[in-house]
Amino acid sequence: MANFGELVLVIGDLHMPQRAADIPAKFKKMLVPNKMQHVLCTGNLTTRESHDMLRNLAPNVHVVRGDFDDQQNLPEQKTVMIGAFKIGLLHGHQVVPWGSLSALAMKARALDCDILISGHTHESAVTRKDGIWYINPGSVTGAYSPTGGGDVPSFILLAVQGEKVVCYCYKYNEAKDSVEVSKTEFSKGE
């Protein structure tokens, strides 16, 4: 069996049941308990049931509060160490303009992280700028977003192998009822 390292599910902006009924069935088949070691969630779970579903997927679950989350005990932001990487996690509504790499770079410097994970725009993206990786998992449900994003359900899976990360971006193509996968690899200090 291949050693993928530590598997990290990066997910967010579920907005169930307010903006989306459910996670696509093809994704649900992939998101099975105990395959991943970590879940990093950018928030907007909106219900306790969604939070419980994430806790059933992996032993280490980190969730930050989105602008539609009522759970006051969730932090606005946090950092976690996985492998050799310090990962910053926030929803993204705190960063103006939303999704701006320049604005996100200020947050990444403040958190002193190698990878910054944020959501809110509902658009998946993996971008590198000035030695920092910026990851947005999009919306796993494809929930409507007033910013114009979110019609394509998506999530990210990171395989952290010490000082290397293999990043898989999964997007659901509703017209073809298929999952499309793209892959990016990067190493610490690149």
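Residues numbered from 1 in each chain as written. Predicted model: local features only at pLDDT ≥ 70, side-chain atom pairs only at ≥ 80, totals over all residues. Heavy atoms only, no water.

Within an unreviewed UniProt entry, the label attached to the protein reads Vacuolar protein sorting-associated protein 29, and the organism entered is Triparma strigata. Taken from UniProt, the Sequence similarities (unreviewed entry) comment for the protein reads in full: "Belongs to the VPS29 family." (UniProt positions renumbered as here; feature names shortened; annotations may be inferred.)

As a further point, take unusual backbone geometry. With an omega dihedral of 0°, the bond running from Met-16 to Pro-17 counts as a cis peptide bond. You can see Pro-17 is positioned in the loop between β1 (6–11) and α1 (25–30). Going from Val-96 to Pro-97, the amide bond is cis rather than trans, its omega being -5°. Tracing the sequence through the fold places Pro-97 in the loop between β5 (85–90) and α3 (101–111). Even without being glycine, Thr-46 reaches a positive phi, approximately 70°. (Helix = DSSP H or I, 4+ residues; strand = E, 2+ residues; numbered from the N terminus.)

Right, let's talk about the sheet that holds strand β8 (residues 132–137) for a bit. Spatial strand order, β4-β5-β6-β8-β7: five strands in an open sheet with mixed pairing. The outermost strands of the open sheet, each flanked by one partner alone, are β4 (77–82) and β7 (124–129). Strand-to-strand, the axes of this sheet are offset by a mean angle of 20°, without reference to chain direction. Of the pairings in the sheet, the one linking β4 to β5 comprises six bridges and is antiparallel in character. Paired with Val-80 across the two strands is Ile-87, which belongs to β5. Where α3 meets the sheet, it contacts β4, β5, β6 (115–117), β7 and β8, and its direction lies at approximately 115° from that of β8. (Pairing = 2+ DSSP bridges. Axes fitted to C-alpha atoms, helices over the stretch in contact; angles between N-to-C directions. Contact = heavy atoms within 4.5 Å.)

Once that is clear, we can look at the layout of surface pockets. Any space left empty among the atoms is revealed by the rolling of a water-sized probe across them. Empty space within the largest pocket amounts to approximately 150 Å³. Around the largest pocket, the lining is made up of 13 residues, and of these Gly-99, Leu-104, Ser-118, Ala-125 and Asn-136 lie nearest the centre. For the lining of the largest pocket, the secondary-structure elements that each account for two or more residues are α3, β7 and β8. Ranked by the residues each element gives to the lining of the largest pocket, the list is headed by β8, at three residues. In the lining of the largest pocket, the residues fall into six nonpolar, seven polar and no charged. (1 Å grid on protein atoms, 1.4 Å probe; cavity = no way out; pocket = protein on both sides within 12 Å on 5 of 7 lines; lining within 4 Å. Points joined across faces, edges and corners; volume = space filled by probe spheres on them. Nonpolar A, V, L, I, M, F, W, Y, C, P; charged D, E, K, R; others polar.)

Strand order in the open sheet formed by six strands is β3-β2-β1-β9-β10-β11, and the pairing between neighbours is mixed. The strands lining the two open edges of the sheet, one partner per strand, are β3 (60–63) and β11 (178–187). Taken over all neighbouring pairs, the strand axes of this sheet differ in orientation by 20° on average, direction set aside. Of the pairings in the sheet, the one linking strand β2 (residues 38–41) to β3 comprises four bridges and is parallel in character. What sits directly across from Leu-40, in β3, is His-62.

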